[in-house]
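Analysis of the macromolecular model
Take a look at the letters that make up each chain.
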Amino acid sequence: MNTNTFYVNIQGKQGEKRIPSRVLEEMIQTAVEQGHRSIEVHAYGQHGIGGRLWRAGNGKIKIRIQGHSGQRTGSLGFANTEIEVMGPASDDIGWLNAGAEIVVHGNASNGAMNGGAQGKVYIGGNIGARGMTMTKRNPRFDPPELWVLGSAGDYFGEFMAGGIAVVCGYNKDTPPFKEGEPWNPNALGYRPLVGMVGGKVFCRGDVTEFSKSDAKVIPITDDDWDWLLKNLHIFLQKIDKIELFSTLSQRAEWSLIRAKTPQEKIIGKGRLSMGAFRQNVWDKELGKGGLIGDLQEVEPGTIPLIAKGDLRRMIPVWENAKYKAPCQANCPTGIPVQERWHLIRQGLVDEAAVMGLQYTPFPATVCGYLCPSPCMASCTKNLQYIPPVNVRLLGRAAENTEIPLTAPKSGKRVAVVGAGPGGISAAWHLTLKGHEATLFDESKEIGGKISSVIPNSRIPQETLQKELDRVKKLISDIRLEQKITPKNFQKIRQEFDYVIVAAGAKKPRMLPVSGIEFALSAFDFLSKAKQNQVGLKDGKLKPCKKVVIIGAGNVGCDVATQAHRLGAESITLIDVQKPAAFGKEKEDAQEVGAIFRYPCFTREITAKGVILDDGELLEADTVVVSIGDVPDVDFIGKDVAISNGFVSVNEFNQTSDPTLFAIGDIVGPGLLTDAIGAGKRAAEAIDSIIAGKEPENLDTRQEIDKSRVSLEYFNPMLKSYNSLNECGSECASCGRCRDCSICVHVCPEGAIERVESEDGTVKYRVNPEKCIGCGFCKGACPCGIWNLIPNKPI
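What counts as what
Residues numbered from 1 in each chain as written. Predicted model: local features only at pLDDT ≥ 70, side-chain atom pairs only at ≥ 80, totals over all residues. Heavy atoms only, no water. Helix = DSSP H or I, 4+ residues; strand = E, 2+ residues; numbered from the N terminus. Contact = heavy atoms within 4.5 Å. Pairing = 2+ DSSP bridges. Phe/Tyr/Trp six-rings, centres within 6.5 Å; stacked < 30°, edge-to-face > 60°. Buried < 20%, exposed > 50% of the residue type's maximum accessible area, 1.4 Å probe, protein only. Axes fitted to C-alpha atoms, helices over the stretch in contact; angles between N-to-C directions. Salt bridge = Lys/Arg side-chain N within 4 Å of Asp/Glu carboxyl O. 1 Å grid on protein atoms, 1.4 Å probe; cavity = no way out; pocket = protein on both sides within 12 Å on 5 of 7 lines; lining within 4 Å. Points joined across faces, edges and corners; volume = space filled by probe spheres on them. Nonpolar A, V, L, I, M, F, W, Y, C, P; charged D, E, K, R; others polar. pLDDT = per-residue confidence, 0-100. Expected span 1.5 Å × (residues − 1). Core = buried A, V, L, I, M, F, W, Y, C linked by side-chain atoms within 4.5 Å. Parallel < 35°, antiparallel > 145°, perpendicular 65-115°, else oblique. Left-handed = near helix turned anticlockwise from the far one by under 90°. Patch = residues over 30% accessible without salt bridge, like charges linked within 9 Å, V, L, I, M, F, W, Y side chains within 5 Å. Areas by Shrake-Rupley, 256 points an atom, 1.4 Å probe, with all protein chains shown as cover. Polar contact = N/O pair within 3.5 Å; in protein donor to acceptor, adjacent residues only side chain to side chain.

**Remarks on the side chain of Ser-255**
You can see Ser-255 is positioned in strand 13 (residues 254–259). Not counting residues within four places of it along the chain, the set of residues in contact with Ser-255 comprises Val-201, Phe-202, Cys-203, Gly-205, Val-207 and Ile-220.

**Overview of the pairing of strand 34 (residues 752–756)**
Judged from the five bridges that link them, strand 34 and strand 35 (residues 762–766) form a sheet pairing that is antiparallel. What sits directly across from Glu-756, in strand 35, is Val-762. A loop of five residues connects strand 34 with strand 35, the two strands running antiparallel in sequence, and Gly-760 in this loop sits at a positive phi of about 90°.

**Examining the packing of aromatic side chains**
Across all of its chains, the model carries nine aromatic pairs by this definition. Pairing Tyr-122 with Trp-147 gives two aromatic rings, centres 6.5 Å apart and planes at 55°, and the pair type is tilted. Residue Tyr-122 is found in strand 8 (residues 118–123), and its partner Trp-147 is found in strand 9 (residues 145–148); the two are separated by 25 residues along the sequence. Taking the relative accessible area as the measure of exposure, Tyr-122 reaches 2% and is therefore buried. With centroids separated by 5.9 Å and ring planes inclined at 90°, the aromatic side chains of Phe-440 and Phe-496 adopt a geometry described as edge-to-face.

**So, the sheet that holds strand 24 (residues 570–574)**
Ordered in space as 20-29-23-24-25, the five strands form an open sheet in which the pairing is parallel. Lying at the two open borders of the sheet, with one neighbouring strand each, are strand 20 (519–521) and strand 25 (595–597). The sheet shows a mean angle of 25° between the axes of neighbouring strands, direction not considered. The strands that helix 16 (residues 522–530) touches are strand 20 and strand 29 (622–625); relative to strand 20, the one it contacts most, it runs at about 80°.

**Remarks on the environment of Lys-472**
Relative to the helices and strands, Lys-472 resides in helix 14 (residues 461–474). Note: C-alpha distance between Lys-472 and Ile-446 (26 residues apart in sequence) is 9.0 Å.

**Comments concerning the pattern of salt bridges**
Where charged atoms of side chains with opposite charge meet at close range, the side chains can pair. Scanning the entire structure with this criterion turns up 39 salt bridges. Close ionic contact of Asp-657 with Arg-493 constitutes a salt bridge, the shortest N to O distance being 2.2 Å. Remark: Arg-493 occurs in helix 15 (residues 486–495) and Asp-657 occurs in the loop between strand 32 (646–647) and strand 33 (660–662); sequence separation between them is 164 residues. Each member of the pair Asp-657 and Arg-493 is classed as buried.

**Remarks on unusual backbone geometry**
Between Tyr-598 and Pro-599 the backbone carries a cis peptide bond, its omega angle lying at -10°. Turning to its location among the elements, Pro-599 is positioned in the loop between strand 25 and strand 26 (602–606). Phi is positive for Met-132, which is not a glycine, with a value near 60°. Tracing the backbone shows Met-132 in the loop between strand 8 and strand 9. Residue class for Met-132 comes out buried when judged on its relative accessible area of 0%. Phi at Ala-321 is positive, roughly 60°, even though this residue is not glycine. Following the sequence through the fold, Ala-321 ends up in the loop between strand 14 (314–318) and helix 6 (326–329). Note on Ala-321: relative accessible area 31%, which makes it partly exposed.

**What about the layout of surface pockets?**
Considering only enclosed or pocket space, the second largest pocket measures out at about 1,200 Å³ in volume. Taken together, the residues that form the lining of the second largest pocket break down as 17 nonpolar, nine polar and five charged.

**Considerations on the confidence of the model for the protein**
The predicted structure's coordinates, where accompanied by low pLDDT, should not be read in detail. Averaged over every residue, the pLDDT of the protein is 90; residues scoring 70 or more account for 94%. Contacts of residues 533–541 to residues separated by more than four positions or lying in other chains number 18 contacts, the stretch itself having pLDDT below 50.

**Thoughts on helix 7 (residues 337–345)**
By the criterion of burial, helix 7 is predominantly enclosed, with seven of the nine residues buried. Along helix 7, the positions that sit buried rather than exposed are Val-337, Gln-338, Arg-340, Trp-341, His-342, Leu-343 and Ile-344. Each element contacted by the buried residues of helix 7 is listed here: helix 6, helix 8 (349–357), helix 11 (391–396) and helix 20 (724–730). Looking one or two places after helix 7, you find Gly-347, whose phi comes out positive at around 85°.

**Some details on helix 17 (residues 554–565)**
In a regular helix each residue adds 1.5 Å, so twelve residues correspond to 16 Å; helix 17 covers 17 Å between its end C-alpha atoms and thus fits that length. Of all twelve residues in helix 17, nine are buried, a share of seventy percent or more. Looking only at helix 17, the buried set comprises Asn-554, Gly-556, Cys-557, Asp-558, Val-559, Ala-560, Thr-561, Gln-562 and Ala-563. Each element contacted by the buried residues of helix 17 is listed here: helix 16, strand 23 (546–550), strand 24, helix 18 (583–591), strand 25 and strand 29. In the segment just after helix 17, Gly-567 is the residue with positive phi, at about 110°.

**Describing the nonpolar core**
Grouped together as the largest cluster of nonpolar side chains are 47 residues, with contacts concentrated most on Ile-28, Ile-63, Ile-93, Ile-127, Leu-146 and Phe-156. If near-sequence neighbours (up to four positions away) are discounted, Phe-156 is found in contact with Ile-127, Gly-131, Met-132, Leu-146, Ala-165, Val-167, Leu-188, Arg-191, Pro-192, Leu-193 and Val-201.

**A short note on the sheet that holds strand 13**
Spatially, the eleven strands line up as an open sheet ordered 1-4-5-6-7-8-9-10-11-13-12, and their pairing is mixed. Each edge of the open sheet carries a strand with a single partner, namely strand 1 (8–11) and strand 12 (215–218). Averaged over all pairs of adjacent strands, the angle between strand axes in this sheet comes to 20°, irrespective of strand direction. When strand 9 meets strand 10 (residues 161–167), the two strands line up parallel, connected through four bridges. Bridge pairing links Leu-146 to Ala-165 in strand 10.

**So, the packing of helix 12 (residues 421–432) against helix 14**
Relative orientation of the contacting elements helix 12 and helix 14 amounts to 45°, with a least axis distance of 10 Å. When the axes of helix 12 and helix 14 are compared, the pair comes out oblique. Two packed elements cross with a definite hand, and for helix 12 against helix 14 that hand is left-handed. Between helix 12 and helix 14, the residues in contact are Ile-424, Trp-428, Thr-431 and Leu-432 and Arg-470, Val-471 and Leu-474, respectively.

**Looking at a nonpolar patch on the surface**
Together, Leu-272, Phe-277, Val-281 and Trp-282 give the surface a local cluster of nonpolar side chains, amounting to about 340 Å² of exposed area. When you line up the elements, Val-281 lands in helix 5 (residues 274–286). Exposure remark for Val-281: the relative accessible area of 33% places this residue in the partly exposed category.

**Here we look at the side chain of Ser-521**
The residue Ser-521 is located in strand 20 in this model. Engagement of the side chain of Ser-521 in a polar contact is seen with the backbone nitrogen of Asp-524, the distance being 3.1 Å.

**A closer look at empty space enclosed by the protein**
To find leftover empty space, a probe the size of one water molecule is rolled over the atoms. In this structure the tally under the stated criterion is four cavities of 30 Å³ or more. Of the volumes computed, that of the largest cavity is approximately 150 Å³. Forming the boundary of the largest cavity are 18 residues, of which Cys-327, Cys-379, Thr-380, Val-389 and Cys-731 lie nearest the centre. Contributions of two or more residues to the lining of the largest cavity are made by helix 6, helix 7 and helix 10 (374–377). In terms of residue count, helix 7 provides more of the lining of the largest cavity than any other element does, three residues in total. Split by residue class, the lining of the largest cavity holds 14 nonpolar, three polar and one charged. As a volume, the second largest cavity reaches approximately 100 Å³. For the second largest cavity, the full set of lining residues is Cys-331, Pro-332, Ile-335, Val-337, Arg-340, Cys-367, Cys-371, Ser-373, Pro-374, Cys-375, Val-391 and Thr-673.

Structure follows, in structure tokens:
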């Protein structure tokens, strides 16, 4: 026991009242979250102490338990956790252990290491019944280990399927060992190792009484003995009994038992005929009078026919790419992420990057940095609490990608009013399709809010500049500093075949309260902050030390981070409801010390700050209002339908005028990717009209049912992704065949074949004359490609 470590104390009682197990676990989790890594718990029988300490990540956690630990101490323990029980332990110590090291300085009762898969449990005394039962072993990790200084209770190792148990059988009153004489007969208790199918047990003592139909004694090799001595020394150090090493290290006193293989279990029994098996085994156990005989409703009988061909009730169908992957279905731009990871797996990184440019002109800036990534939020891996595949890495990989090939020139001219992300997207896709697109904007630079408002801390300026330069290289006609008045807009409409309005929302909403003149809008603040200009008052610049932001959304969080960068010492965000901020913007604001308060209602703004409706003054030398922006639609004209201050459009972003389209915030608030996707959609609609076709949705597929995807093939221990190759290999490729051929190998009838065409495409085909419709292909497919459907009636 290490007495030099500093431990933070957590009491299991409050006054004279015992704290419930759930509350005590929350207290431990909170301490870990606050950064404590050595915790001493004074327990009063609480259950599950020390389990599931995932909040520490890879950091080591030490839990020391004084008093009476309850059941399942260390249950579901993680590999980062070390638990030391300073006395005896109750039932199920180390239950379902997933990697924790647990030391008990005393006896442990029933169920020690029950169901463990990893980790080590060291018991400095005896254990009760059913220790080391139902353990398992994942060959990718070290096996679970149970070390017992004394003896084990009844049914030890029952249904043991993996791991290593060491039972020392130590008792100070045990007589010395003598060759050929019974010695220490109760080390493994009554009926040990029943149903044992895996793992091995080192036992010091008489091992004549165990289930010989399931296990066998084998010689201890030199390697086995070296392993035992090395780890016995560690065990005795852990339980503070190192003085027993010489007593326990006599090789003649030890035996090694392992599970029998299936082949060993049938030796000497002979093979039963199916009829004999039915009569002597199946019916005896499960038939009338058997274990579940009273539940049998169907008379047993033979199956007259294994149906194939047209007689099959169900038939397998290879539904490759019939459905969208969840990432693609939830991407506002519609990027087929799973197809790009398929290219990565083939080593075609450049091709994967180019595919991104066919959907967005900003794969690095937006997909790599600014987007909140709904694709990752919808990733199937989230169902099993596995981190979603990192699409941001794929976006950033396209930073230096060259422009895709463009279609032949059509001679058609399209004006795009607004050179923000949506407008650029529309002009980008129009140009790729061979049409002449002209960008108009009032600013001195293209990029809209990405260039003028979003803080530099959220996007490397070098990345943004490279992507803007790529846009300028593709779109040759960009007209900046163009004031868009009603007259100018009508002139543009006359000169061009089609017009797309992407002017955004730049008119800030301001509160109707007294003193609003003392406040800046978020748009103005962020624009000025990006130029290092802060807080105009009486026409003069003033520094901001205390900042109050009215509106705690993501834009308000951007204001907070910019204010901190410019020297603010106190930043408070207030809102009338629970703040809507989320993702990186909220994390950045919290990191710089911003305080969120709600519900707060503003009564007045003064030179001293914000006065709330209850009279409280929030002192501020800079007040910023961040409650949204609205578009300016006055220049569009009265012949275009407007609803609630936004331009009305159909599903193709076409307005009431068939030659006029509108996208982005002028249609309704949304993400950057919403505007980029709308730009692509409008461009495709115009391209269809120019070609003499009605606009249509080019991809109407439904999202795949996530339950069809099998995540068992992928690494559940990953916490992050370090490379494109790792992302590609760990992508479940939902709905898109990985060409793994698992279905070919798992089919019991050999009915599936892989067919490769001359162009290199692959498909899997079922031979109906061999297929029995069992559904193994569907059950085994990692990607959810195979489906079982009813056969056509004969």
